[in-house]
Amino acid sequence: MANGCHELKTLEVAGCSQFTDNGFQALARNCHKLERMDLEECVLITDSTLAHLAIGCPVLQKLSLSHCELITDEGIRHLGTSACATEHLQVIELDNCPLITDASLEHLMGCQCLQRIELYDCQLITRAGIRRLRTQLPEIKVHAYFAPVTPPPSVGGGRQRYCRCCVIV
């Protein structure tokens, strides 16, 4: 596909769990007109893919990396400092990327076109990190979820409480 589709603008491969960095690197080398990529649940891709996309896809506007659990702050750094991100990137979805921290938000602060970021279930992202991002990008829509803090055992009359989704072992 990478060799024959030089005009490709949209790639939707969500859930294709067998795609690897090699395939996406070939796309980045040959498909320079990519504007939208949905890589949700492409669980084998790493920061290497993002480094190649940052160089080879200069007009990328929307990127979904939800459930790409090997992506780290280093990959977001490559993307956030690239020409595509600073000039074109409007939406980035990072839901359920457990290795993403506030450092990734810092790397995205120069993305002046960024309109929306998805951060559901990114446990290492803090409210303070989101506030810093909004200071630089005041119009950005941030979609995040913070799990409620479990009250200490002394709250509630000494009786232990568990949320419904927790299993007592």
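Residues numbered from 1 in each chain as written. Predicted model: local features only at pLDDT ≥ 70, side-chain atom pairs only at ≥ 80, totals over all residues. Heavy atoms only, no water.

1. Focus on helix H3 (residues 73-80)
Phase 1 of the analysis: Taken as a whole, H3 has its buried residues at Asp 73, Gly 75, Ile 76, Leu 79 and Gly 80. Take H3 and look down its axis: the buried residues cluster within an arc of 155°, on one side only.
Phase 2 of the analysis: On the buried face of H3, the contacting elements are helix H2 (47-56), strand S3 (62-64), helix H4 (83-87), strand S4 (91-93) and helix H5 (102-107). (Buried < 20%, exposed > 50% of the residue type's maximum accessible area, 1.4 Å probe, protein only. Helix = DSSP H or I, 4+ residues; strand = E, 2+ residues; numbered from the N terminus. Arc of directions from axis to C-beta. Contact = heavy atoms within 4.5 Å.)

2. Focus: the sheet that holds strand S1 (residues 10-12)
Consider a sheet: its strands pair through backbone hydrogen bonds, and that pairing is either parallel or antiparallel.
Phase 1 of the analysis: Here six strands make up an open sheet; going across it, the order is S1-S2-S3-S4-S5-S6 and the pairing parallel. Of all strands in the sheet, those bounded by a partner on one side alone are S1 and strand S6 (141-143). The average undirected angle you get between the axes of adjacent strands in this sheet is 5°.
Phase 2 of the analysis: Of the pairings in the sheet, the one linking strand S2 (residues 36-38) to S3 comprises three bridges and is parallel in character. From the neighbouring strand, Arg 36 faces S3, where its bridge partner is Lys 62. (Pairing = 2+ DSSP bridges. Axes fitted to C-alpha atoms, helices over the stretch in contact; angles between N-to-C directions.)

3. Focus: unusual backbone geometry
Phase 1 of the analysis: The phi dihedral of Glu 41 falls on the positive side, at around 65°, and the residue is not glycine.
Phase 2 of the analysis: In this fold, Glu 41 is placed in the loop between S2 and H2.
Phase 3 of the analysis: Residue classification places Glu 41 among the partly exposed residues on the basis of a relative accessible area of 36%.
Phase 4 of the analysis: In this structure, Asn 96 takes a positive phi of about 55° despite not being glycine.
Phase 5 of the analysis: Of note, Asn 96 is situated in the loop between S4 and H5.

4. Topic: the environment of Cys 84
Phase 1 of the analysis: With respect to the helices, strands and loops of the structure, Cys 84 is situated in helix H4.
Phase 2 of the analysis: Linking Cys 84 and Cys 113, residues 29 residues apart in sequence, is a C-alpha distance of 10.0 Å.
Phase 3 of the analysis: Not counting residues up to four positions away in its chain, the partners in contact with Cys 84 are Cys 57, Pro 58, Val 59, Leu 60, Leu 79 and Leu 89.

5. Concerning the packing of H2 against H3
Phase 1 of the analysis: Between H2 and H3, whose axes approach to 8 Å, the crossing angle comes to 5°. Overall, the two elements H2 and H3 adopt an arrangement that is roughly parallel. Across from Asp 47, Leu 50, Ala 51 and Ala 54 in H2, the residues of H3 making contact are Glu 74, Gly 75, Ile 76, His 78 and Leu 79.
Phase 2 of the analysis: Broken down by class, the residue content of the contact of H2 with H3 amounts to five nonpolar, two polar and two charged. (Parallel < 35°, antiparallel > 145°, perpendicular 65-115°, else oblique. Nonpolar A, V, L, I, M, F, W, Y, C, P; charged D, E, K, R; others polar.)

Taken by themselves, the reported measurements are silent on function.
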